[in-house]
Amino acid sequence: MAIVGYDDIDFAAAATVPLSSVRQPRALLGRTAAQLLLEESLNSRNHQHRHVLFQPDLVVRESSGGCR
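Residues numbered from 1 in each chain as written. Predicted model: local features only at pLDDT ≥ 70, side-chain atom pairs only at ≥ 80, totals over all residues. Heavy atoms only, no water.

## With respect to the overall build of the chain
Along its length, the chain carries two helices and three strands. Going from the N terminus to the C terminus, the chain shows its helices and strands as β-α-β-α-β. Scaling as 2.2 N^0.38, a compact globule of 68 residues should have a C-alpha radius of gyration of about 11 Å, whereas the chain reaches 17 Å, well beyond that. C-alpha atoms of the chain, sized along the principal axes, occupy 50 × 20 × 10 Å. The contacts in the chain between residues at least 6 apart in sequence include a share of 50% that link residues at least 24 apart. (Helix = DSSP H or I, 4+ residues; strand = E, 2+ residues; numbered from the N terminus. Rg over C-alpha atoms; globule rule 2.2 N^0.38 Å. Contact = heavy atoms within 4.5 Å.)

Here it is, written out as structure tokens:
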């Protein structure tokens, strides 16, 4: 059995059994959110909503038995 968390918080690596986790690109998420907000506020009449996809990373630790 493998246990995997999400967001790769600091506790994940420091737990008694280090927790494998999905890591999101936090800085890129924040920059993109700010950019989208500015685009909409500066050009609200012509602004078109869009979806942005980010590539997460799987950080494998002992909770998943080192499986890859």
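## A word on the confidence of the model for the chain
For the chain, mean pLDDT is 88; residues scoring 70 or higher make up 96% of the total. The lowest-confidence element of the chain is helix α1 (residues 10-14), averaging 83 in pLDDT; the highest-confidence one is helix α2 (residues 26-42), averaging 94. (pLDDT = per-residue confidence, 0-100.)

## A closer look at the sheet that holds strand β1 (residues 4-6)
Taken together, the three strands give an open sheet; going across it, the order is β1-β2-β3, and neighbouring strands pair in mixed fashion. In this open sheet, the two edge strands, each paired with only one partner strand, are β1 and β3 (57-59). Adjacent strand axes in the sheet meet at a mean angle of 25 degrees, parallel and antiparallel pairs treated alike. Inspection of the sheet shows strand β2 (residues 20-23) paired to β3 by three bridges, in the antiparallel sense. Within the sheet, the bridge partner assigned to arginine 23 lies in β3 and is aspartate 57. (Pairing = 2+ DSSP bridges. Axes fitted to C-alpha atoms, helices over the stretch in contact; angles between N-to-C directions.)

## Focus on the side chain of threonine 32
Residue position: threonine 32 is located in helix α2. Residue classification places threonine 32 among the buried positions, given a relative accessible area of 11%. With sequence-adjacent residues up to four places away left out, threonine 32 is seen in contact with Val52 and Phe54. (Buried < 20%, exposed > 50% of the residue type's maximum accessible area, 1.4 Å probe, protein only.)

## Overview of the pattern of salt bridges
Scanning the entire structure with this criterion turns up three salt bridges. Its salt-bridge partner being arginine 50, residue glutamate 39 comes within 3.3 Å of it at the nearest N-O pair. With a gap of 11 residues between them, glutamate 39 in helix α2 and arginine 50 in the loop between α2 and β3 connect regions that are remote in the sequence. Residue classification places glutamate 39 among the partly exposed positions, given a relative accessible area of 29%. (Salt bridge = Lys/Arg side-chain N within 4 Å of Asp/Glu carboxyl O.)

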